[in-house]
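For reference, the chains in residue letters:
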Amino acid sequence: MATLLWLCFVAAILHSSCLTMSAAKRTYIVQMNNHQKPTSYITHHEWYANSLQSLASTTPDAILYTYTNAYHGFSASLDPDQVEALRQSDSVLGVYEDTVYQLHTTRTPEFLGIENELGLWSGHTPQQLNAAAHDVIIGVLDTGVWPESKSFDDSAMPPVPARWRGECEEGEDFKPTVCNKKLIGARKFSKGFRLAAGAISKEKESPRDQDGHGTHTSTTAAGGQVGNASLFGFASGTARGMAVHARVATYKVCWKTGCFGSDILAGMDRAISDGVDVLSMSLGGGSAPYYRDTIAIGAFKAMETGVFVSCSAGNSGPAKASLANVAPWIMTVGAGTLDRDFPAFAVLGNGKRVAGVSLYSGKGMGEKPLELVYFNGKGTGSSSNLCLPGSLQPEAVRGKVVFCDRGVNPRVEKGQVVKEAGGIGMILGNTAESGEELVADSHLLPAVAVGQKIGDEIREYLKTEANPKALLSFGGTVLGVKPSPVVAAFSSRGPNMVTPQILKPDVIGPGVNILAGWSEGIGPTGLEMDIRKTQFNIMSGTSMSCPHISGLAALLKAAHPAWSPSAIKSALMTTAYTVDNTKSPLRDAAGGQISTPFAHGSGHVDPHKAISPGLVYDISTEEYIAFVCSLGYDIKQVQAVVNRANVTCARKLGDPGRLNYPSFSVLFGKSRVVRYTRQLTNVGLAGSAYDVVAEAPAGVQVTVKPKRLVFQKEGDKMRYTVTFVSRKSSTGDAFGSITWKNAENQVTSPVAFGWARVV
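Within every chain, residues take consecutive numbers counted from 1 along the sequence as written. A pLDDT threshold of at least 70 governs which residues receive local features in this predicted model, and a stricter bar of 80 or more applies before side-chain atom pairs are shown or counted, although totals over entire chains, interfaces and linings include all residues. Side-chain numbers here rest on the full set of heavy atoms in the structure, without hydrogens or water.

A. Structural detail: the overall build of the chain. A run of H or I in DSSP becomes a helix once it reaches four residues, and a run of E becomes a strand once it reaches two; helices and strands are each numbered from the N terminus. Along the backbone of the chain there are 18 helices and 39 strands. Atoms counted for the radius of gyration: C-alpha only. Globule rule: 2.2 Å times residue count to the power 0.38. Whereas a compact globule of 759 residues would reach a radius of gyration of roughly 27 Å, the chain reaches 27 Å, a difference of no more than 12%. Overall size of the chain, expressed as C-alpha extent along the three principal axes, is 85 × 75 × 65 Å. Summed over all atoms, the accessible surface of the chain reaches about 29500 Å², with 53% contributed by carbon and sulfur. Only the protein chains shown count as cover for residues, and the accessible areas themselves come from Shrake-Rupley with a 1.4 Å probe.

Here it is in structure tokens:
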């Protein structure tokens, strides 16, 4: 009887807890039909609060944020019944659960050829461009900022533009006076994060960067010049951002557990209101329909107000279809290498010397080779080969060099695991997933990272040698590395699964081993036990390539203030290059093969050519709306994306691929013929004439009409029609290009071809 009573008691407790869990409140983003606001309400916030109270029986303080610029609506803490009540209302366009996004975690100016600014701005001097750049403001949504960084020195900066409406918010460890004429704004957005994290997080309510990522991205985009910059002697020289004379405003939307959509949307909303010209966002999640993509919706409104939005493509490569941030009104940025390296070496017991990379800066491991061990764990289910936390036995590791496979956990954490187990050094070997891509890290113990081929040689040596040994050494910084750039293996790849007719990524930029400013609140590895302090750090990721493009967009905005975000994007895309510094086609670090537009998009950005592109593919807001109307969404979903409640979709493109995009993605299905018309705008000289050159893969015929375009005046617009005909049944992918060229300019669009399986 007692047992039965106990079981009933347990069942009652479980039932109660299940009810509690099912009714638990979560953060939701609610999009409202702003045209239905009754005139009796003075503000939208008042209407939202009243609607929430009447429809969902909540208190007004349930609202976390009210959105007015990037979005029409609010975010609130709601239970499932309240969510359902809101969804039944005609004044509500959609209710979406808050999404967690993740961060996509110096020689760059010389590599891009802008160490002396851009001297090829037709009819203007570099000094005039510098002066114009003072009026451009880059908003960076990230982990905040370390305002004391020398990269934010405002010496010789003129007063802040009068149109600026932002501010420097006070925080627990952040005074408004730390902002200046360079760093002109710093805000924080944490309500979504706080609601999700509850009392768990002890992070300070402050715009200050305790992670480092935000300081790195903002100084990459627009940091001032700082001499004698380095990471413990590596990559020493003058550090500077892309748009060295532009202003920076930071919006802290990312915290230790990630970046919550409600906070991101609040940051975008405020940045648009503050008056930024460029939004740089090195964060993202998976791909989703645009009406469920917070970043895509906010970016649409930003684009409509003239703000250029640059986002990282993601670090989920080399897997196919792994892209984030694929909306066509967003610049989607992949990552490539620089011509700079940080060589390190391992001499094996058999006398063979193999090369890798490292940013280790300590005393080294001496001159004596030590025993080399590898716990491949085959058949045991062990994770020791990956050097995961707790996987190494000190008695087997102490005093030795450990070979670890790359993957699963952070590279620097593997070194920490080896060190804590008593190891003296580490060789980090790539697997097939990372191929020959080498990313240098500031390890806490002597460590060398090697590519897959050398890694496999060492694995074979360990298997066949009775007494394997290794000695590690370090070679500092080397410039002029060939080939470069190479597409980073981690850079996310196409095709675009949300809209296959839009080729993504758009471009690649420098994203491997990038030196930029750093937070002095955390060590360079980000590990808790790393107590080293540095003003600069070297990082890799599409997080690093994104702010390069944001800074270049700011330079183009300074040179051409009347250009739309689409025109700036077109200029960067159509002038990008697809050959490396050996004059060979760009290669892919994942396997060493020739790269494709699914990895590099239009190619690697070329700022000198982008500033005078000759022609651009411009896209109006109305055409973007027609594009969204062609995606098969219902009218409420379309209205959600474009943030307009009066859209009727009277105009559709028919095929999303008809958007006036600077690249092509051609899908052959039941029809073997695909025909698109594009419009080019002359931003070059009056009387300019261009001839077309089309390249197509075997089995595809490409016809362009007319073959010659003559533009009588600057600003003239001319159309051309291109017909793609598939002469064969095919699977897989193929690629070509369409180039309009004259003696001064080459305006190139990559073309991706795909064949759907017709059943």
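B. Representation of the confidence of the model for the chain within the structure. Note on scores: pLDDT gives the predictor's confidence for each residue, bounded by 0 and 100. Of the residues in the chain, 92% have a pLDDT of 70 or more, and the chain-wide mean is 90. Any two residues having at least one pair of non-hydrogen atoms within 4.5 Å are treated as being in contact. Overall, residues 1-22 carries pLDDT values under 50, and its contacts beyond four positions in sequence, including any with other chains, amount to 1 contact.

C. Local environment of the packing of aromatic side chains. Between 30 and 60 degrees the pair is tilted, below 30 it is stacked and above 60 it is edge-to-face, where a pair is any two Phe, Tyr or Trp rings, Trp via its six-membered ring, whose centres lie within 6.5 Å. Using the criterion set out here, one finds 24 aromatic pairs in the structure. With 5.4 Å between their ring centres and 5° between their planes, F193 and W255 make a pair best called stacked. Separated by 62 residues along the polypeptide, F193 in helix α6 (residues 191-197) and W255 in strand β11 (residues 254-255) bring together distant segments of the chain. The buried label goes to any residue with under 20% of its type's maximum accessible area, the exposed label to any with over 50%, and the partly exposed label to all in between, with areas taken from a 1.4 Å probe on protein chains only. In this structure F193 comes out as buried when scored by relative accessible area, which is 1%. A connected cluster of aromatic rings, assembled from ring pairs, spans Y65, Y67, Y71, F189 and Y251. Charge-over-ring placement is defined geometrically: NZ (Lys) or CZ (Arg) within 6 Å of the ring centre, and within 35 degrees of the ring normal. Directly above the ring of F664 sits R678, whose terminal nitrogen or CZ lies 4.1 Å from the centroid.

D. Layout of the side chain of S206. As for its placement among the helices and strands, S206 is situated in the loop between α6 and α7 (213-222). Given the relative accessible area of 1%, S206 is considered buried. Residues adjacent in sequence count toward polar contacts only when both atoms are side-chain atoms; beyond that, a polar contact is any pair of N or O atoms within 3.5 Å, and within protein one must be able to donate a hydrogen and the other to accept it. Within polar-contact distance, the side chain of S206 engages the backbone nitrogen of R208 at 2.9 Å. Ignoring any residue separated from it by four or fewer positions in sequence, one finds S206 in contact with G171, E172, D173, F174, K188, K252 and W255.

E. Examining the state of the cysteines more closely. In this description, the term disulfide denotes a pair of cysteine sulfurs within 2.5 Å. If you walk through the whole model with that rule in mind, you get 4 disulfides. With its sulfur 1.8 Å from that of its partner, C168 forms a disulfide with C179. Measuring handedness by torsion sign, the sulfur bridge of C168 and C179 sits at about 60° and is right-handed. Highlighted residues: C168 in the loop between β6 (137-142) and β7 (183-188) and C179 in the loop between β6 and β7, separated in sequence by 11 residues. Taken as a pair, C168 and C179 share a single burial class, namely buried. What pairs with C254 in a disulfide is C259, and their sulfur atoms sit 2.1 Å apart. Sign of the S-S torsion, about 105° for the bond between C254 and C259, identifies this disulfide as right-handed. Since its relative accessible area comes to 2%, C254 is described here as buried.

F. Inspection of the layout of surface pockets at higher detail. The calculated volume of the second largest pocket comes to roughly 1200 Å³. Two kinds of site are reported from a 1 Å grid over the protein atoms alone, namely cavities, where a 1.4 Å probe fits but cannot get out, and pockets, open sets with protein on both sides within 12 Å along at least five of seven lines, and residues are called lining when an atom falls within 4 Å of a point. As for the second largest pocket, its lining consists of 47 residues, of which T574, T575, K609, Q746 and T748 are closest to the centre. Of all the elements in the fold, those that place two or more residues in the lining of the second largest pocket are α15 (597-600), α16 (607-610), β34 (688-695), β38 (733-741) and β39 (746-755). Looking at which element gives the most residues to the lining of the second largest pocket, the answer is β38, with 5 residues. Grid points are joined across faces, edges and corners, and a volume is the space filled by probe spheres set on the points.

G. Up close: the packing of helix α8 (residues 261-274) against helix α9 (residues 294-304). The angle between two axes is taken between their N-to-C directions and runs from 0 to 180 degrees, where each axis is a line fitted to C-alpha atoms and a helix contributes only its stretch in contact. Remark: α8 packs on α9, axes separated minimally by 10 Å, with the N-to-C direction vectors making an angle of 5°. Considering the angle they form, α8 stands roughly parallel to α9. Mapping the contact onto sequence places G261, I264, L265, M268 and I272 in α8 and T294, I295, G298, A299, K301 and A302 in α9. The residue inventory of the contact of α8 with α9, partitioned by class, reads 7 nonpolar, 3 polar and 1 charged. Roughly parallel covers angles under 35 degrees, roughly antiparallel covers those over 145, roughly perpendicular covers 65 to 115, and oblique covers all other angles. For this classification, Asp, Glu, Lys and Arg are treated as charged, while Ala, Val, Leu, Ile, Met, Phe, Trp, Tyr, Cys and Pro are nonpolar and the rest, including Gly, are polar.

H. Examining empty space enclosed by the protein more closely. Taken as a whole, the second largest cavity holds about 50 Å³ of empty space. Contributing to the lining of the second largest cavity are M303, F308, V309, W329, I330, M331, P565, S566, K569 and Y624. A per-element tally of the lining of the second largest cavity places helix α14 (residues 565-574) first, with 3 residues.

I. Just the sheet that holds β11, in detail. Pairing between strands is defined by DSSP: at least two bridges between them are needed. The strand order across the open sheet built from 4 strands is β11-β12-β5-β14, with neighbouring strands paired in antiparallel fashion. Each edge of the open sheet carries a strand with a single partner, namely β11 and β14 (283-284). Pairing analysis gives 2 bridges linking strand β5 (residues 100-103) to β14, with the strands arranged antiparallel. Of the residues in β14, the one forming a bridge with L103 is L283.

J. Main features of the environment of G362. Along the chain, the position of G362 falls in the loop between β19 (353-357) and β20 (370-373). The class of G362 is partly exposed, set by a relative accessible area of 45%. Taking the C-alpha atoms as reference, G362 lies 9.7 Å from S442; in sequence the two are 80 residues apart.

K. Broad picture of α14. Within α14, 10 of the 10 residues are buried, which leaves it mostly tucked inside the rest of the structure. The set of residues buried in α14 consists of P565, S566, A567, I568, K569, S570, A571, L572, M573 and T574.

L. The packing of α9 against helix α17 (residues 621-629), seen in detail. Between α9 and α17, the shortest axis-to-axis distance is 10 Å and the interhelical angle comes to 155°. One finds that α9 runs roughly antiparallel with respect to α17. At the point where α9 passes α17, the crossing takes the left-handed sense. Here α9 contributes F300, M303 and E304 to the contact with α17, which in turn contributes T621, Y624 and I625. Take the far helix as the reference: if the near one is turned anticlockwise from it by less than a right angle, the crossing is left-handed, and if turned clockwise, right-handed.

M. Region of the structure containing the sheet that holds β34. Read across the sheet, 5 strands follow the order β32-β39-β38-β34-β36 without closing on themselves; strand pairing throughout is mixed. Looking at the sheet topology across the chains shown, the edges are occupied by β32 (664-668) and β36 (708-711). Sheet twist, expressed as the average angle between the axes of neighbouring strands with direction ignored, equals 20°. As judged from the 5 bridges shared by β34 and β38, these two strands associate in the antiparallel manner. Considered in β38, the bridge of E695 is made with S737.

N. Just the environment of V486, in detail. Following the sequence through the fold, V486 ends up in strand β26 (residues 486-487). Sequence-wise, V486 and G435 are 51 residues apart; in three dimensions their C-alpha atoms are separated by 12 Å. Aside from chain neighbours lying at most four places away, what touches V486 is A335, G336, T337, R587, D588 and A589.

O. Seen up close, the pairing of strand β24 (residues 469-474). In this sheet, β24 lies alongside strand β18 (residues 343-348) in antiparallel orientation, the contact comprising 5 bridges. Following the sheet pairing, L348 is matched in β24 by A470. Both β20 and β24 contribute to a ladder of 2 bridges, which runs antiparallel. Its bridge partner being in β24, L370 is matched across the sheet by A470.

P. Spotlight on the nonpolar core. If you look at the biggest cluster of nonpolar residues, it comprises 103 residues, and the most contacted ones within it are I264, W329 and L572. Setting aside chain neighbours within four positions, we find W329 in contact with Y290, A296, A299, F300, M303, K569, Y624, F627, V628 and V641. One finds L231, L359, L392 and V418 within the second-largest nonpolar core, a separate group that totals 27 residues. As used in this record, nonpolar core signifies buried Ala, Val, Leu, Ile, Met, Phe, Trp, Tyr and Cys residues forming a set joined through side-chain atoms within 4.5 Å.

Q. Geometry of the environment of H216. When you line up the elements, H216 lands in helix α7. The buried category is assigned to H216, whose relative accessible area is 0%. Put simply, H216 and M268 are 52 residues apart on the chain and 20 Å apart in space, counted from C-alpha to C-alpha. Among all residues touching H216, those that are not within four sequence positions of it are I514, L515, A516, G517, W518, N537, I538, M539 and M544. Polar side-chain contacts of H216 include one of 2.9 Å to the backbone oxygen of I514. Within polar-contact distance, the side chain of H216 engages the backbone oxygen of N537 at 3.2 Å.

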